[in-house]
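The lines below spell out each chain.
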Amino acid sequence: QVQLVESGGGLVQPGGALRLSCTAGGTLFSAYTMGWYRQAPGKQRELVATITSGRATNYADSAKGRFTISRDNSKQAVYLQLNTLKPEDTAVYYCHARNEIIRGMDFWGQGTQVTVSS
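Remember, predicted model here, so these are calculated numbers, not experimental data.

Caption draft 1: Region of the structure containing the nonpolar core. Of all hydrophobic cores here, the largest spans 31 residues; its most connected members are Leu4, Met34, Trp36, Leu80, Leu82 and Tyr93. Elements with a contribution of two residues or more to this core: strand E3 (18-25), strand E4 (32-39), strand E5 (46-51), strand E7 (67-72), strand E8 (77-82), strand E9 (91-99) and strand E11 (112-116). Setting aside residues up to four positions removed in sequence, Tyr93 forms contacts with Glu6, Leu20, Trp36, Tyr37, Arg38, Val48, Phe67, Leu80, Leu82, Gly111, Thr112 and Val114.

Caption draft 2: Spatial organisation of unusual backbone geometry. Unlike most non-glycine residues, Arg55 shows phi in positive territory, near 70°. In this structure, Arg55 sits in the loop between E5 and strand E6 (57-59). A relative accessible area of 45% means that Arg55 is categorised as partly exposed. Residue Thr84 is not a glycine yet carries a positive backbone phi of 50°. Within the secondary structure, Thr84 sits in the loop between E8 and E9.

Caption draft 3: Layout of the state of the cysteines. Taken as a whole and judged by the stated rule, the model has one disulfide. Shown here is the disulfide that connects Cys22 with Cys95, its sulfur atoms set 2.1 Å apart. A torsion of -80° about the S-S bond marks the disulfide between Cys22 and Cys95 as left-handed. With Cys22 in strand E3 and Cys95 in strand E9, this residue pair connects regions lying 73 residues apart in the sequence.

Rules of the game
Residue numbers run consecutively from 1 along every chain, following the written order of its sequence. With the structure being a predicted model, the display of local features is reserved for residues of pLDDT at least 70 and the display and counting of side-chain atom pairs for 80 or more, all residues being used for whole-chain, interface and lining totals. Values reported for side chains reflect all heavy atoms of the structure, with hydrogen atoms and water molecules removed beforehand. Nonpolar cores were defined as sets of buried Ala, Val, Leu, Ile, Met, Phe, Trp, Tyr and Cys residues, with membership established by side-chain atoms within 4.5 Å. Under the scheme applied here, a residue whose accessible area is under 20% of the maximum for its type counts as buried, over 50% as exposed, and between as partly exposed, the area being computed with a 1.4 Å probe on protein chains only. Helix numbering and strand numbering both begin at the N terminus, where a helix is a DSSP run of H or I of at least 4 residues and a strand a DSSP run of E of at least 2. In this description, contact between two residues means that some pair of their heavy atoms is separated by no more than 4.5 Å. The term disulfide is used for any two cysteine sulfur atoms that are within 2.5 Å.

The values are spatial; any link to function lies outside them.
This is the structure:
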């Protein structure tokens, strides 16, 4: 079992920045691909970015050039730096962990709200 706890969300003005953090407990963190997803009201949950154990990254088109995902295995943490935020980035952001060896083993955090508004 993996416990994921997100933090760092909040209210920010357009053009502003936030840094989301997710810490993982109860697992061999380095064996997981970590990711961030988001879900806006009335919309499906969508991928924002992922980072593998080897630190290969993948970004949604909407995130490229503005968001950066990173991980610190020593702290069992994954981060998402959000820059140049837009109102359409408003959503609940979820941390996700997928085991790279055991197929179908994945976990979600409870989510953190990001609101971009003037």
